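# Coordinates in review
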Amino acid sequence: MKSEDVGLLAEVAYLYYDQNLSQQQIADRLFFSRSKISRMLDKAKELKIISVAINYPIERLSSVEKSLQEKYHLDEVIVVKDYNLPSEVMLARLCKIGSEVLIGNLKDGMTVGMSWGNTVRTLLEVMPPVYLKNIHIVQLNGAVNQASQKSYNAADLIRSIAEKIHGQVHLLHAPLIVQDRAVCRALTSDPMIGDTLECGRKSDIIITGISFFHEKSDTPWEKHLTHQQKTSLIQKGAVGTFLAHFIDKNGKIVDQDMDDRLIGINLRDLAKIPNVITIACGKNKSDVIAGALRGKYINTLILDEKLALKLLSKR
């Protein structure tokens, strides 16, 4: 389409949406038929000249936040009323709040630890640019062989977030899990990998999602598991993963051998991190969130209403 045609579409969109003229008024002004103006508005939407955003109100549930904070001894809890929104819409809203919390806590010279996954990808999409000095963005665990999927391409996610924060990138050039402990020790003793892990352990802030795990779950990153391994993890009580570590309902590692072959920071390292921010959406994550809370891995929790109420009902 010619640039002058695009410009005309933009002019019609401006008159309709910004100046509140009717389609007939625009048609009269531009000497077009009303039906042509309607088609032009449709074309403007198709070309993304017009974008429509529905801004649902963000209502926080302060009484639920206080109850969760007291029950699980958290530094901060944010609970958002869900209005029965689709999960992807709710996740975007939670990630928007998460980005605001992250930015509000960031100061010059800080280090932010991040992983990969759908929550981190959504965070990237909704986070505004930030201008701070000497910020470091660190990849906390190894990559999975799902580079074609945006949520699991760790290097691209970390680089893109670093661009928004204008920070320095520290990538972990290693797979998530290897065949045996000897290989894991050899890789983590490599200076490039070892230095990145050490940088991650010294993070001032970590922001991450969390994944539930059950017999029928089939997220792309689980492709590295055999059917036998998956069955074994479930039998041992795995309810999900936190920073790629399989945990049970009490936050304990369920398979130490597998965990010893995982390349990333350890869960015990989290005790030294000043603020671990976790974003969670959906009541199907209640068991794994409860486990992470019982393990004291989380400082700040951002979640939706249904998940929050499910957590409050747990003993």
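Another point: empty space enclosed by the protein. The tally for this structure, following the rule as stated, stands at 1 cavity of 30 Å³ or more. Those elements that place two or more of their residues in the lining of the largest cavity are strand 8 (245-247) and helix 11 (256-260). Among the residues making up the lining of the largest cavity, the classes are represented as 10 nonpolar, 2 polar and 2 charged.

The next subject is the layout of surface pockets. Quantified by volume, the second largest pocket comes out at close to 370 Å³. Taken together, 21 residues form the lining of the second largest pocket, with Asp-259, Asp-260, Gly-264, Asn-266 and Arg-268 sitting closest to its centre. Going through the elements one at a time, helix 8 (181-188), helix 9 (191-201) and helix 11 are the ones with two or more residues in the lining of the second largest pocket. Taken together, the residues that form the lining of the second largest pocket break down as 7 nonpolar, 7 polar and 7 charged.

Next up on the list: unusual backbone geometry. Phi is positive for His-73, close to 55°, though the residue is something other than glycine. The topology assignment puts His-73 in the loop between helix 4 (62-72) and strand 1 (76-80).

Conventions and cut-offs
- Residues numbered from 1 in each chain as written.
- Predicted model: local features only at pLDDT ≥ 70, side-chain atom pairs only at ≥ 80, totals over all residues.
- Heavy atoms only, no water.
- 1 Å grid on protein atoms, 1.4 Å probe; cavity = no way out; pocket = protein on both sides within 12 Å on 5 of 7 lines; lining within 4 Å.
- Points joined across faces, edges and corners; volume = space filled by probe spheres on them.
- Helix = DSSP H or I, 4+ residues; strand = E, 2+ residues; numbered from the N terminus.
- Nonpolar A, V, L, I, M, F, W, Y, C, P; charged D, E, K, R; others polar.

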